[in-house]
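Chain and residue survey
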Amino acid sequence: MIRRRSTPWIHKWSRPLIGAIAGCGALTTGYLTFEKLSGRSASCVAEAGAKGCNDVLSSPWATVFGQPLALFGFLAYISMLILAFAPLAINSDESKNIRKSLENVTWWLLLVGAIAMSVFSGYLMYVLASQIKAICPYCIGSALFSLSMLVLTVVGRDWEDIGQILFTGVIVGMVTIIGTLGVYANVNQLNNSTVSTPGKPERISFNTKAQPNPEFGWEITTTSGEAEISLARHLVDQGAKEYVAYWCPHCHEQKLLFGKEAAKILKNNNVQVECAADSPNGKPELCQAAKIQGFPSWIINGTIYSGVQNLEELAKITGYTGSRNFKYFR
């Protein structure tokens, strides 16, 4: 009597698991795409003043070919979802050969897709840690989703030729890295350059070792362009409020993003509210009434936005339609 070899449980459930993970990834990136296109801020728990999800979503790396990066992630996850469940939709005995052929084809496509997504996610994790220096649960979750799908794809079936898998991994990985570096060539060149390039945003930085002045904090060393001044006036018209403290480095970062001229417009029109009680301009009672828990904090249309906001993000939040040729980013 010949015993039939039992199918490992992972082989039975690998496709449903891949599909479920892809579905979670699609929901996450779909949400981020909607928030980005609608000009709203994504819900993200972050320490006041620390960089979080919205700093990532408003960074130069978050836009590809003029569209939100999350949109391309959404399309990738949807593709993986379809590839995972497509053969499972064929149940009739008469279509067994079709299903088997479809399984073989989709397994290779799943492998290629999972490798590409994992390599790209790895690059984004490097950027997140070394360049943007922010904590983004959505980004970390997406990277884990991609890696999980890759593991399930490799162990989820009997591959006849392991060498071919390794060869495919090397080729797809190299193509993905080259393509990624090509897409972000301008951003990386700007980030690694110490020379300001006209028409391109420049990363801000300043020396926090100097003691802040209780009246105005640190000196604003950046200059405003037309876009920064126009946005500042728009924020005045919108009744926006920014709650700051003169000793807060992140508050000064926000001022540097606007530049000296635009920051002056915000200050002179009472958009900026000083919360430090020991400052000559301090109005701590207003900050307490607004229930401010960290600096800087923006209140726009009744909603609190904690932490430094890139100007692109402020423009979207407030429906600003003027020039967005902003000079600086965080």
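Above this text you will find the structure in question.
Summarised in this report is the structure supplied together with it. (Residues numbered from 1 in each chain as written. Predicted model: local features only at pLDDT ≥ 70, side-chain atom pairs only at ≥ 80, totals over all residues. Heavy atoms only, no water.)

Quick notes on the sheet that holds strand E5 (residues 272-274)
- Spatially, four strands are ordered E5-E4-E6-E7 in an open sheet, and the strand pairing comes out mixed. Looking along the sheet, the strands with just one partner apiece sit at the ends: E5 and strand E7 (303-306). Going from strand to strand, the sheet's axes swing by 25° on average, the running direction of each strand aside.
- Pairing of strand E4 (residues 241-244) with strand E6 (residues 297-300), which is carried by three bridges, proceeds in the antiparallel orientation. Looking across to E6, one finds that Tyr243 is bridged to Ser297. (Pairing = 2+ DSSP bridges. Helix = DSSP H or I, 4+ residues; strand = E, 2+ residues; numbered from the N terminus. Axes fitted to C-alpha atoms, helices over the stretch in contact; angles between N-to-C directions.)

A look at the side chain of Glu242
- Take Glu242: it is sitting in strand E4.
- Put simply, Glu242 is tucked away with no salt bridge, and the nearest opposite charge, on Lys255, sits 7.3 Å away. (Buried < 20%, exposed > 50% of the residue type's maximum accessible area, 1.4 Å probe, protein only. Lys, Arg positive; Asp, Glu negative; His and termini not counted. Salt bridge = Lys/Arg side-chain N within 4 Å of Asp/Glu carboxyl O.)

So, the layout of surface pockets
- Volume-wise, the largest pocket comes out at about 790 Å³.
- Around the largest pocket sit 38 residues that line it, and Leu69, Gly73, Phe120, Leu124 and Tyr184 are the ones nearest its centre.
- For the lining of the largest pocket, the secondary structure elements donating two or more residues are helix H1 (9-37), helix H2 (53-57), helix H3 (69-85), helix H4 (96-132), helix H5 (137-155) and helix H6 (162-183).
- Ranked by residues supplied to the lining of the largest pocket, first place goes to H4 with nine residues. (1 Å grid on protein atoms, 1.4 Å probe; cavity = no way out; pocket = protein on both sides within 12 Å on 5 of 7 lines; lining within 4 Å. Points joined across faces, edges and corners; volume = space filled by probe spheres on them.)

With respect to unusual backbone geometry
- Residue Pro296 is reached from Phe295 by a cis peptide bond, and omega for that bond is -10°.
- Position of Pro296 among the secondary structure elements: in the loop between helix H11 (284-289) and E6.
- Of note, the phi angle at Asn301 is positive, near 55°, even though the residue is not glycine.
- Mapped onto the elements, Asn301 comes out in the loop between E6 and E7.

Some points on the side chain of Thr318
- Relative to the assigned elements, Thr318 resides in helix H12 (residues 311-318).
- Those residues in contact with Thr318 that lie beyond four places of it in its chain are His234, Leu235, Gln238 and Ile300. (Contact = heavy atoms within 4.5 Å.)

Let's talk about helix H10 (residues 260-268)
- All of the buried residues in H10 are Ala262, Ala263, Ile265 and Leu266. Projected onto a plane normal to the axis of H10, the buried residues spread over an arc of 155° and lie on a single side. Away from its buried face, by an angle of more than 90 degrees, H10 presents the exposed residues Lys264 and Asn268.
- Considering only its buried residues, H10 is in contact with helix H8 (226-238), helix H9 (249-258), E5 and E6.
- One or two residues past the end of H10 sits Asn270, with phi positive at roughly 60°. (Arc of directions from axis to C-beta.)

Some remarks on the pattern of salt bridges
- Across all of its chains, the model carries two salt bridges by this definition.
- Here Arg99 and Glu103 are joined by a salt bridge, their closest N and O atoms 3.3 Å apart. Here Glu103 and Arg99 lie together in helix H4, a separation of four residues that amounts to about one turn.
- Judged by relative accessible area, Arg99 falls into the partly exposed class, the value being 25%.
- For the salt bridge of Arg324 with Glu312, the shortest nitrogen-to-oxygen distance reads 2.8 Å. One end of the pair, Arg324, is in the loop between H12 and strand E8 (328-329); the other, Glu312, is in helix H12, with twelve residues separating them in the sequence.
- The partly exposed category is assigned to Arg324, whose relative accessible area is 33%.

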